[in-house]
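So the chains spell out like this:
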Protein chains: 2
Amino acid sequence: MTAQPDFSKGGGLLPVIAQDADSGRVLMLAYMNQEAWEKTLETGTVHYWSRSRRKLWLKGETSGHVQKVVDILVDCDLDTILIKVHQLGGAACHEGYQSCFFRRLKDGTFEITEEKVFDPKEVYKS
Amino acid sequence: MTAQPDFSKGGGLLPVIAQDADSGRVLMLAYMNQEAWEKTLETGTVHYWSRSRRKLWLKGETSGHVQKVVDILVDCDLDTILIKVHQLGGAACHEGYQSCFFRRLKDGTFEITEEKVFDPKEVYKS
């Protein structure tokens, strides 16, 4: 059997850090359950578990900005996953930024540190 | 008032990714509550909330391997924190490795990818 994180922890839902394999930039944090883990290994494309929609979530399903698996690491407690990815479309964030971490704390406020890569209104048409 | 993440989410406990400010390496994932957030801002040294010990946790309190804050970022949902740090002692993991993510999935098993920076038995003496 393939080694895997300890899904008996965290109520079966473990945090996953997605990091750009080339730039080293942290792109986002989401969650995986056993099913999302298996689907990710099987397809080589990152699947999460959407906590808000309560369903398996192929990241980039709507936008086309999927994440191709480059490397999968686990932490010392086997309860956090780090996935190095190739981020298609150049942006992980649904708000159009390369990374979901596009704001930094400066002088007591959050300042936006980068330009949008795409316009969400154009990508997520209703 | 200083801008802050949304601690009304996650039962008041938000995941924090610590990333080495120089190498870009992801070091660990832990959690902060409001108190840990404030203590971190106040001291410039990273404090977490220990879920196992249920108390404020100055990372490196025992080992001396504290994390000095370089930059603090928040994600689009304001419920995940990314802190870029200077990792004193060169190692974040209590098992003696630079990063808690010292194992990668390869051919169905987790292989250790690096050498220990310190010997835990020497650092955590009882």
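Structure: see above.
The notes below deal with the structure included here.

Criteria and thresholds
Sequence order sets the numbering: in each chain, residues are counted from 1 along the sequence as written. Naming scheme: in the order in which they are written, chains are lettered from A and ligands are numbered from 1. pLDDT decides what is reported in this predicted model: residues at 70 or higher carry local features, side-chain atom pairs at 80 or more are listed and counted, and totals for whole chains, interfaces and linings draw on all residues regardless. Hydrogens and waters are ignored; side-chain quantities use all the structure's heavy atoms. Contacts between residues were defined by any pair of non-hydrogen atoms, one from each residue, lying within 4.5 Å. As a working definition, buried area equals the accessible area (1.4 Å probe) given up by two parts on being put together, with both sides summed. Only one rule defines a salt bridge in this text: a Lys or Arg side-chain nitrogen within 4 Å of an Asp or Glu carboxyl oxygen. Whenever a nitrogen or oxygen atom comes within 3.5 Å of another N or O atom, the pair is scored as a polar contact, on the condition that within protein one atom can donate a hydrogen and the other can accept it, and that pairs from neighbouring residues in sequence are kept only if both atoms are in side chains. In this description a helix means any DSSP run of H or I spanning at least four residues, a strand means any run of E spanning at least two, and both kinds are numbered starting from the N terminus. Here, any two strands with at least 2 DSSP bridges between them count as paired. To get an axis, fit a line to the C-alpha atoms, keeping to the stretch in contact for a helix; angles then go from 0 to 180 degrees between the N-to-C directions. Think of it in three bands: residues with accessible area under 20% of the maximum for their type are buried, residues over 50% are exposed, and the middle band is partly exposed, with areas taken using a 1.4 Å probe on protein chains only. Directions drawn from the helix axis to the C-beta atoms are what define this arc.

## So, the interface of chain B and chain A
Okay, so step 1: Opposite the 39 residues of chain B that make contact, chain A presents 39 residues.
Okay, so step 2: For the pair chain B and chain A, the two sides together bury roughly 3000 Å², of which 66% comes from carbon and sulfur.
Okay, so step 3: Sorting the residues of chain B by area buried against chain A places C76, F101 and F110 of chain B first, and these three jointly supply 21% of that buried surface.
Okay, so step 4: A salt bridge links R104 of chain A to D71 of chain B, with the nearest nitrogen and oxygen atoms 3.0 Å apart.
Okay, so step 5: If you look at where chain B meets chain A, you find 16 residue pairs in polar contact (both at pLDDT 80 or more).
Okay, so step 6: Only β1 (14-20), β2 (26-32), α1 (34-43), β5 (67-74), β6 (81-87), β7 (103-106) and β8 (109-112) of chain B provide two or more residues apiece to the side of chain B that touches chain A.

## Considerations on the sheet that holds β8 of chain B
Okay, so step 1: Read across the sheet, six strands follow the order β2(A)-β1(A)-β6(A)-β5(A)-β7(B)-β8(B) without closing on themselves; strand pairing throughout is mixed. The sheet is open, and its two edges are formed by β2 (26-32) of chain A together with β8 of chain B, each paired on a single side. For this sheet, the mean inter-axis angle between neighbouring strands, taken without regard to orientation, is 35°.
Okay, so step 2: With seven bridges joining them, strand β5 (residues 67-74) of chain A and strand β6 (residues 81-87) of chain A adopt antiparallel strand pairing. Within β6 of chain A, the position partnered with V69 of chain A by the bridge is V85 of chain A.

## Quick look at helix α1 (residues 34-43) of chain A
Okay, so step 1: Three or more residues of α1 of chain A are buried, namely A36, W37 and T40 of chain A. Buried residues of α1 of chain A, seen end-on, are gathered within an arc of 105° and therefore sit on one face of the element.
Okay, so step 2: Where α1 of chain A is buried, its residues meet β2, β3 (47-50), β4 (55-58), β5 and β6 of chain A together with β7 of chain B.
Okay, so step 3: Following α1 of chain A by one or two positions, G44 of chain A adopts a phi angle in the positive range, close to 75°.

Keep in mind these values describe shape, not function.
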